[in-house]
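Notes for the structure review
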Amino acid sequence: MNYRHAFHAGGFADVIKHIVLVRILTYLQQKASPFRFIDTHAGAGLYDLTSEEARRGGEWLTGIARLRQARFSAETAPLIEPYLDIVRAFNLEGELKVYPGSPLIARALLRPQDRLTACEVEPKARKRLIEALHRDTQARVVDVDGWLALPAFVPPNERRGLVLIDPPYEQKDEFERLADGFALAFAKWPTGSYLLWYPVKSRRATDNLARRVAEAVTAGPSPGKCLRLEFSVAPQNVGAALTSAGLLIVNPPWTLAGELKAVLPELQKPLGQGGAGRFRLEAPVT
């Protein structure tokens, strides 16, 4: 499949991924010591929802647009609002014309002592990302293939942080590359947090990925923890648009599972298509 960010910006998969991203970075803010956010496949950073790519699929209409109109309980709203506040900050009041990608969402949560490294090899996307970050001294955009950067850039000098791995899945072997690349990185930095995004089209492929990641997490001298989250907005049909996506969250904050148990049930109705969505949240089986 092709999961280039521009075609799917603001869709349900972005909403789920970015809510989790914000919750993890918010947790990292609780300690005064610096952290680093590493994005291995960063994209262009900011996406025009009126562009041809965004209009072609219109995924943002059933994603971020619905979420902004939804009402949440007193328990859940404070967990979602920081993410929505970041999206609002890129738009005029009452409008929704642009959507920030992961690097810009993360940048909004950096303190003066924190840093961001974003990898992007596609020249046009990299140029747009540099422009979107306004040559920020806390954010470094590098022309390095994300698969090479993954083991090379860890551990960061800060020794705290999060690595987001969100490749375009244009190659048939990308699930294998993800598992292999993660294992190499985790062996070098077993105390770091990792967020691995994947599309759910083949149950065998996703189960195998989750198993391999869980094995890498538990096999080393410093075993970590792993959460598996999958969210579906409708049954997946062959040849149809993506309706289910997943996240593997390695070394999640101890608060995250509880937060997601509160948030996810309240996302099923606004994000569902032709009925309520559904989710699974569990520890992957080795």
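A few points on the structure. Each chain carries its own residue numbering, running from 1 in the written order of its sequence. Only residues with pLDDT of 70 or above have their local features reported here, since the model is predicted, and side-chain atom pairs are shown and tallied only from 80 upward, although totals for entire chains, interfaces and linings are computed over all residues. Side-chain measures here rest on the full set of heavy atoms in the structure, leaving out hydrogens and waters.

Quick notes on the overall build of the protein chain
Regarding its fold elements, the protein chain presents eleven helices and ten strands. Each radius of gyration reported is based on C-alpha atoms, and the globular scaling rule is 2.2 Å times the count of residues to the power 0.38. The globule rule puts the C-alpha radius of gyration for 286 residues at 19 Å, and the 17 Å found for the protein chain is close to it. Taking the principal axes of its C-alpha atoms as reference, the protein chain extends roughly 45 × 40 × 40 Å. Relative accessible area decides the class of each residue, using a 1.4 Å probe on protein chains only: under 20% of the type maximum gives buried, over 50% gives exposed, and in between gives partly exposed. Classification of the 286 residues of the protein chain by burial places 56% in the buried group. Only heavy atoms matter for contacts: two residues are in contact if any of them lie within 4.5 Å across the pair. In the protein chain, once contacts between residues fewer than 6 apart in sequence are set aside, the share between residues at least 24 apart is 77%. Areas reported here follow the Shrake-Rupley algorithm with a probe of radius 1.4 Å; residue values treat only the protein chains shown as occluding. Carbon together with sulfur atoms contributes 53% to the accessible area of the protein chain, which is approximately 13,000 Å² in total. Computing the positive centroid from 37 side-chain charges and the negative centroid from 31, the protein chain places the two 2 Å apart. Numbering of helices and strands starts at the N terminus; helices are DSSP runs of H or I of at least 4 residues and strands are runs of E of at least 2. We count Lys and Arg on the positive side and Asp and Glu on the negative side, and we leave His and both chain ends out. Every charge is mapped to an atom, namely NZ of Lys, CZ of Arg, CG of Asp or CD of Glu.

What about the pattern of salt bridges?
When charged atoms on two side chains of opposite charge get close, those side chains can pair. Take a side-chain nitrogen of Lys or Arg and a carboxyl oxygen of Asp or Glu: if they are within 4 Å of each other, that pair is a salt bridge. For the structure shown, the criterion picks out 20 salt bridges. A salt bridge links Arg280 to Glu230; the shortest N-O distance between them is 3.7 Å. Taken as a pair, Arg280 in strand β10 (residues 278-282) and Glu230 in strand β8 (residues 226-232) lie far apart in primary sequence, 50 residues in all. Arg280 gets classed as partly exposed once you look at its relative accessible area, which sits at 27%. Among the charged side chains, a network of salt bridges with common partners joins Arg203, Asp207, Arg228, Glu230, Arg280 and Glu282.

Details of the environment of Leu264
The topology assignment puts Leu264 in helix α11 (residues 256-271). Classification of Leu264 by relative accessible area gives buried; the value is 1%. Separated by 224 residues in sequence, Leu264 and Thr40 have C-alpha atoms that sit 26 Å apart. Not counting the four nearest positions on each side in its chain, Leu264 is found in contact with Ile16, Leu229, Phe231, Phe279 and Leu281.

Some remarks on the side chain of Asn91
Along the chain, the position of Asn91 falls in the loop between α5 (77-89) and β3 (98-100). Residue Asn91 is classed as buried on the basis of its relative accessible area of 11%.

Side note on the sheet that holds strand β6 (residues 161-165)
Ordered by their spatial adjacency, eight strands build an open sheet running β5-β4-β1-β6-β7-β9-β8-β10, and the pairing between neighbours is mixed. The open sheet is flanked by β5 (139-142) and β10, the only strands paired with a single partner. On average, each strand axis in the sheet is inclined to that of its neighbour by 10 degrees, with strand direction left out of account. The pairing criterion is simple: DSSP has to find at least two bridges between the two strands. Where β8 lies against β10, five bridges are found, and the strand directions are antiparallel. Its bridge partner lying in β10, Phe231 is registered against Phe279. Contacts from helix α2 (residues 12-28) reach β1 (36-39), β6, β7 (193-199), β8 and β9 (244-250) within the one sheet, and its direction differs from that of β9 by about 15 degrees. The axes are straight lines fitted to the C-alpha atoms, using for helices just the contacting stretch, and the angles between their N-to-C directions are given from 0 to 180°.

So, the packing of aromatic side chains
The rule is short: rings of Phe, Tyr and Trp, with Trp giving its six-membered ring, pair when the centres are within 6.5 Å, and they are stacked under 30 degrees, edge-to-face over 60, tilted in between. On inspection of all chains with the given rule, the structure shows six aromatic pairs. For the ring pair Trp189 and Tyr194, a centre distance of 6.0 Å and an interplane angle of 65 degrees mean the geometry is edge-to-face. An aromatic cluster is built from Phe182, Phe186, Trp189 and Tyr194, whose rings are joined through pairwise contacts. We call a charge positioned above a ring when the Lys NZ or Arg CZ atom is no farther than 6 Å from the ring centre and deviates by at most 35 degrees from the ring normal. Here the basic side chain of Lys17 rests over the ring of Trp197, its NZ or CZ set 5.9 Å away from the ring centre.

Details of α2
Here the expected span of a helix is defined as 1.5 Å times the quantity of residues minus one. Its 17 residues place the ends of α2 25 Å apart at the C-alpha level, agreeing with the 24 Å of an ideal helix rising 1.5 Å per residue. The buried fraction of α2 amounts to 16 of the 17 residues, a majority that puts the element mostly inside the structure.

Observations regarding unusual backbone geometry
Omega for the bond connecting Val154 with Pro155 falls within 30 degrees of zero, at -5 degrees, which places this linkage in the cis form. The residue Pro155 is located in the loop between α8 (146-152) and β6 in this model. The backbone of Arg135 shows a phi angle near 50 degrees, a positive value even though the residue is not glycine. Relative to the elements of secondary structure, Arg135 occurs in the loop between α7 (123-132) and β5. In the Ramachandran plot, Tyr169 falls in the positive-phi region, its phi being about 55 degrees despite a non-glycine side chain. Inspection of the secondary structure puts Tyr169 in the loop between β6 and α9 (174-188).

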